[in-house]
Amino acid sequence: MSVSVRFLYDDIEKELGHGVDSTKLNSAFPRAVNRALNQLESKASTGTDFTRVESINDTITQLEGKHDYVIYAGTMYWLQRMGYANGDPRIAAAVLSDSEQMWKSARGDYIADKVNDDQATGGLDIIGLGYV
């Protein structure tokens, strides 16, 4: 029941093509992960306070492994906003647009999962006129 930041880093590093253990990417990566966590926490409104990461060797314990793609999408989006994009502006714009859509969709998936989990385990579901 956790997401390894190191695994996210390794996958994103390959996708961005910035080389193994890029110093620049190492320093920007935790900020991008934290921005994704901040936005997910804000948009999901599930009452989950995510622990912020400080390095690529941290673990996000409040996210289940099945939600790793959610934080992957958010981290990729924020890294691209921070300038980690393809050098060709035509490709960069398309990739940024695609990552924005993926991030929006992944956040929606996470919110839907959390609502479904709450309804399955809570006594105040929608039928009982509790939370939505």
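Here, every reference points to the structure presented above.
For clarity, every value in this text was computed on a predicted model and none was experimentally measured.

Tell me about the overall build of the protein, residues and numbers included.
Summing up its helical and strand segments, the protein has four helices and two strands in all. Along the protein, from the amino end to the carboxyl end, the secondary structure elements read β-α-α-β-α-α. Counting all 132 residues of the protein, 34% fall into the buried class. Put simply, of all contacts in the protein between residues at least 6 apart along the chain, 65% involve residues at least 24 apart. Surface accessibility of the protein: about 7,500 Å² in total, with carbon and sulfur atoms responsible for 51%.

For the pattern of salt bridges, give the residues involved together with the corresponding values.
Side-chain pairs of opposite charge can arise whenever the charged atoms involved come near each other. On inspection of all chains with the given rule, the structure shows two salt bridges. R52 serves as the salt-bridge partner of E41, at 3.4 Å between the closest nitrogen and oxygen. With E41 in helix α2 (residues 23–44) and R52 in the loop between α2 and β2 (59–60), this pair connects stretches of sequence that are 11 residues apart. In this structure R52 comes out as partly exposed when scored by relative accessible area, which is 31%.

Lay out the nonpolar core in plain terms, naming residues and giving numbers.
Across soluble globular proteins, nonpolar side chains have a tendency to be buried as a group. F29, V33, I60, L63, I71 and L79 are the most contacted members of the largest nonpolar core, which totals 31 residues. Among the elements of the structure, α1 (5–16), α2, α3 (68–81) and α4 (89–121) are those that each provide at least two residues to this core. When residues no more than four places from it in sequence are discounted, the contact partners of I60 are S2, V3, V5, V33, L37, F50, V53 and I71.

Before we move on, can you summarise the environment of A32 with the specific residues and values?
With respect to the secondary-structure elements, A32 resides in helix α2. Sequence spacing of A32 and V53 is 21 residues, and the spatial spacing of their C-alpha atoms is 9.8 Å. The contacts of A32, once residues within four sequence positions are left out, are T75, W78, L79 and M82.

Before we move on, could you go through the packing of aromatic side chains and cite the residues and values that matter?
Summed over all chains, the structure comprises three aromatic pairs. Seen in terms of ring centroids, Y9 and F29 are 5.1 Å apart; in terms of plane orientation they differ by 80°. Their pairing is edge-to-face. Here Y9 is found in helix α1, whereas its partner F29 is found in helix α2, with 20 residues between them in sequence. An identical accessibility class is assigned to Y9 and F29; each is buried. Their ring planes at 50° and their centres at 6.4 Å tell us that F50 and Y110 sit as a pair that is tilted. Linking F50 in the loop between α2 and β2 with Y110 in helix α4, this pair joins segments that are 60 residues apart in sequence. Judged on exposure class, the residue F50 and its partner Y110 are both buried.

What counts and how
- Residues numbered from 1 in each chain as written.
- Predicted model: local features only at pLDDT ≥ 70, side-chain atom pairs only at ≥ 80, totals over all residues.
- Heavy atoms only, no water.
- Helix = DSSP H or I, 4+ residues; strand = E, 2+ residues; numbered from the N terminus.
- Buried < 20%, exposed > 50% of the residue type's maximum accessible area, 1.4 Å probe, protein only.
- Contact = heavy atoms within 4.5 Å.
- Areas by Shrake-Rupley, 256 points an atom, 1.4 Å probe, with all protein chains shown as cover.
- Salt bridge = Lys/Arg side-chain N within 4 Å of Asp/Glu carboxyl O.
- Core = buried A, V, L, I, M, F, W, Y, C linked by side-chain atoms within 4.5 Å.
- Phe/Tyr/Trp six-rings, centres within 6.5 Å; stacked < 30°, edge-to-face > 60°.

Just distances and angles here, no functional claims.
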